[in-house]
Amino acid sequence: MSQPVDPTTTPAWARLTALYESLRPDLRGWFAADPSRATSFTFQAGDLYVDLSKNLINADILSALVDLADQVGLADRRGGMLAGEHINVTEDRAVLHTALRAPEGSSLVVDGVDVIPEVHEVLAKVYAFADKVRSGEWVGVTGKPIATVVNIGIGGSDLGPVMVYEALQPYVKPGLKARFISNIDPTDVAEKTKDLDPETTLFIVASKTFTTLETLTNARLARSWLLDGLRASGAIEDGDETANAAVAKHFVAVSTALDKVAAFGIDPENAFGFWDWVGGRYSVDSAIGTAVAVTIGPENFADFLAGFHSIDRHFAETEFSSNVPALMGLLNVWYVNFFEAGSHVVLPYAQLLHRFPAYLQQLTMESNGKSVRYDGSPVTTDTGEVFWGEPGTNGQHAFYQLIHQGTRLIPADFIAVANPAHPLVDGDNDVHALFLANFFAQTAALAFGKTAEEVRAEGTQEAIVPARVFAGNRPTTSIMAAELSPRVVGELIALYEHITFTEGVVWGIDSFDQWGVELGKQLALQIAPAVSGDDEALAKQDSSTQSLITYYRSQRQ
């Protein structure tokens, strides 16, 4: 594998530096001078209509960004990823989330194995299981059909499935629902199970190694809840044999550690596997999405995967000058490294996407929050940005003040669909049209602002004119689709996967490891005895940690 290219040494970086230094952002003037600006900077990727025209770019800047992609070797790294090269160098792994949505009958040989047939073998097993649950063929230990599927996972084994489940609520089978347990805070498992019927509840334990502390702790709590509930109602008797039978009917696993799955009490036949080339935050389209496949059905899940594949092909085959994920990734580099933008806000004007910003937090920040390049050398630029957001119009009444009139430049992605899941009216008013009027107005307001002269023309008192001026030139990207179908949700996820990849290539980092999450988990295991009362372990901690633990122990009842 070639060494990372230092982007700051490329001719394109020098050109971008000069362009930035001479740039005088003027979106009002640029649009007035070029009636074709919106057309020139609007692109189609699958079913996504993406307008980049309200970004702080012109043709020269876009050209220099595309040159930067060429000069850092984006095409080669993309090709290496898609071919199954071990681009995750610190873990010596291929990065093949794109294989999870490759069509049946295609082929990709990695380390001597054609992975596509394996992918579809697991998919077929997931689909068969989903059909059994949905049809009522799969029943609990007392013969009742399943009404609630509870996914137990954390990180990518939770954020992806819960986000997609929420986004695709209109496609969920009536009478069947899902819940998601992730936090080791015991409140999570208690609240998620307190109103469920053990006889009609099925748990999916999602852990590749079946050793994840949070997931296995919650799985054991769920098993106790199940058995205690069944015994209390008289559904089962005491004894290991009846307990094992109940666990086998109410628990399945997403894991490759079949011995540990069996030791827990789950039939290994009811374990759905995946591969070490699937990173957790890239795994919702694998067996990790089993809860989604059960609730929305195999046909819709296949459409979901087709959406991913559509954007995969666009990213793989489209010239960078019109390649939407590549351009959006390059724009993020432009803002992070030249405008010193420290954060990026994602604003879905679609309530069903209310968990999408949270999903992107892991995807982007766990991927690109790195300070060394993939060869171990220090990075030469800032990397990553804080991704955050909430649905519109809620955010308008909360944090938009900072985006509009604050001192920090915060690039924003606005996402909307033309046709809502629930086309309601208020009298004669189409509520969705009113909703999207806010979408269109906010991007225009951020771009074009409001001058002091315009404020004065409204009769505003001079003393408060400055407070009502909007500087404008706040960059936004608008992403639209006809509807929030399974296919479109897949396209949105894949879009941001490849945006993240593009940024990582420019910065020369490994976007697919996540060593930064390990240290805290390791220390937690070392500190746990002190928390539980071991004074010798407590004495080994720093003074602040000792003080905090001592307070906790004094207050815990």
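Just so we're clear, the structure is a prediction, and the values are computed from it rather than from any experiment.

Caption draft 1: Region of interest: the overall build of the chain. In terms of helices and strands, the chain carries 22 helices and 15 strands. The C-alpha atoms of the chain give a radius of gyration of 26 Å, which matches the 24 Å a tight globule of 557 residues would have. Across its three principal directions, the C-alpha atoms of the chain cover 80 × 65 × 60 Å. Counting all 557 residues of the chain, 52% fall into the buried class. As displayed, the chain has an accessible area near 23,700 Å², and 52% of this comes from carbon and sulfur atoms. Each charge sign in the chain was given a centre, from 39 positive and 69 negative side chains, and these centres are 4 Å apart.

Caption draft 2: Representation of the packing of helix 7 (residues 156–167) against helix 15 (residues 356–368) within the structure. Where helix 7 meets helix 15, the axes come as close as 9 Å, and the angle between the chain directions of the two elements is 150 degrees. Classified by the interaxial angle, the pair formed by helix 7 and helix 15 is roughly antiparallel. Between helix 7 and helix 15 lies a crossing of left-handed hand. Every residue of helix 15 that contacts helix 7 at Gly156, Leu159, Gly160 and Met163 is listed here: Phe356, Ala358, Tyr359 and Gln362. A per-class count over the contact of helix 7 with helix 15 returns 5 nonpolar, 3 polar and no charged.

Caption draft 3: Local environment of the pairing of strand 8 (residues 251–254). By the alternation rule, side chains of strand 8 split into Phe251 and Ala253 and Val252 and Val254, which are all buried. Strand direction decides the pairing type here: strand 7 (residues 201–206) and strand 8, joined by 4 bridges, are parallel. Of the residues in strand 8, the one forming a bridge with Val205 is Ala253. Of the strand pairs in this sheet, strand 8 and strand 9 (residues 271–272) are connected by 2 bridges, and their pairing is parallel. For Val254, the partnering residue across the bridge sits in strand 9 and is Phe272. Traced from strand 8 through helix 11 (residues 258–264) to strand 9, the parallel crossover comes out right-handed.

Caption draft 4: Representation of a nonpolar patch on the surface in the model. On the surface, a nonpolar cluster with roughly 260 Å² of combined accessible area is contributed by Ile184, Leu213 and Leu525. Position of Leu525 relative to the elements: it lies in helix 20 (residues 518–531). Classification of Leu525 by relative accessible area gives exposed; the value is 56%.

Caption draft 5: Geometry of the sheet that holds strand 11 (residues 386–388). Strands sit in the order 1-2-15-12-10-11 across an open sheet of 6 strands; the sheet is mixed. Edge positions in the sheet fall to strand 1 (42–45) and strand 11, since each of these pairs with one other strand and no more. This sheet shows a mean twist of 20 degrees between the axes of neighbouring strands, independent of strand direction. Alignment of strand 10 (residues 343–349) against strand 11, held across 3 bridges, turns out to be parallel. Across the sheet, Ser343 pairs through a bridge with Val386, a residue of strand 11. Packed on one face of the sheet, helix 17 (residues 431–448) meets strand 10, strand 12 (412–419) and strand 15 (476–483) and runs near 150 degrees to strand 12. In the packing of helix 19 (residues 486–507) onto the sheet, contacts are made with strand 2 (48–51), strand 10, strand 11, strand 12 and strand 15, and the angle to strand 15 comes to roughly 155 degrees.

Caption draft 6: Focus on the packing of aromatic side chains. Overall, the coordinates contain 32 aromatic pairs when judged by the stated rule. Ring geometry for Tyr20 versus Trp334: centroids 6.2 Å apart, planes at 90 degrees, classification edge-to-face. Note that Tyr20 is positioned in helix 1 (residues 11–22) and Trp334 in helix 14 (residues 324–338), a separation of 314 residues in sequence. Taking relative accessible area as the criterion, Tyr20 reaches 31% and is therefore assigned partly exposed.

Caption draft 7: Quick look at unusual backbone geometry. A cis geometry characterises the amide bond from Gly392 onward to Thr393, with omega recorded as 10 degrees. Positive phi is not limited to glycine here, since Asn473 has a value of about 55 degrees. Here Asn473 is to be found in the loop between helix 18 (452–457) and strand 15.

Caption draft 8: How the structure looks around helix 5 (residues 74–83). Every buried residue of helix 5 is listed here: Leu74, Arg77, Arg78, Gly80 and Met81. The buried residues of helix 5 all sit within an arc of 160 degrees when viewed along its axis, so they share a single face. Against the buried residues of helix 5 lie helix 4 (59–71), helix 13 (298–317), helix 14 and helix 19.

Cut-off values and rules
- Residues numbered from 1 in each chain as written.
- Predicted model: local features only at pLDDT ≥ 70, side-chain atom pairs only at ≥ 80, totals over all residues.
- Heavy atoms only, no water.
- Helix = DSSP H or I, 4+ residues; strand = E, 2+ residues; numbered from the N terminus.
- Rg over C-alpha atoms; globule rule 2.2 N^0.38 Å.
- Buried < 20%, exposed > 50% of the residue type's maximum accessible area, 1.4 Å probe, protein only.
- Areas by Shrake-Rupley, 256 points an atom, 1.4 Å probe, with all protein chains shown as cover.
- Lys, Arg positive; Asp, Glu negative; His and termini not counted.
- Charge placed at Lys NZ, Arg CZ, Asp CG, Glu CD.
- Axes fitted to C-alpha atoms, helices over the stretch in contact; angles between N-to-C directions.
- Parallel < 35°, antiparallel > 145°, perpendicular 65-115°, else oblique.
- Left-handed = near helix turned anticlockwise from the far one by under 90°.
- Contact = heavy atoms within 4.5 Å.
- Nonpolar A, V, L, I, M, F, W, Y, C, P; charged D, E, K, R; others polar.
- Pairing = 2+ DSSP bridges.
- Right-handed = clockwise from strand over helix to strand, strands pointing away.
- Patch = residues over 30% accessible without salt bridge, like charges linked within 9 Å, V, L, I, M, F, W, Y side chains within 5 Å.
- Salt bridge = Lys/Arg side-chain N within 4 Å of Asp/Glu carboxyl O.
- Phe/Tyr/Trp six-rings, centres within 6.5 Å; stacked < 30°, edge-to-face > 60°.
- Arc of directions from axis to C-beta.

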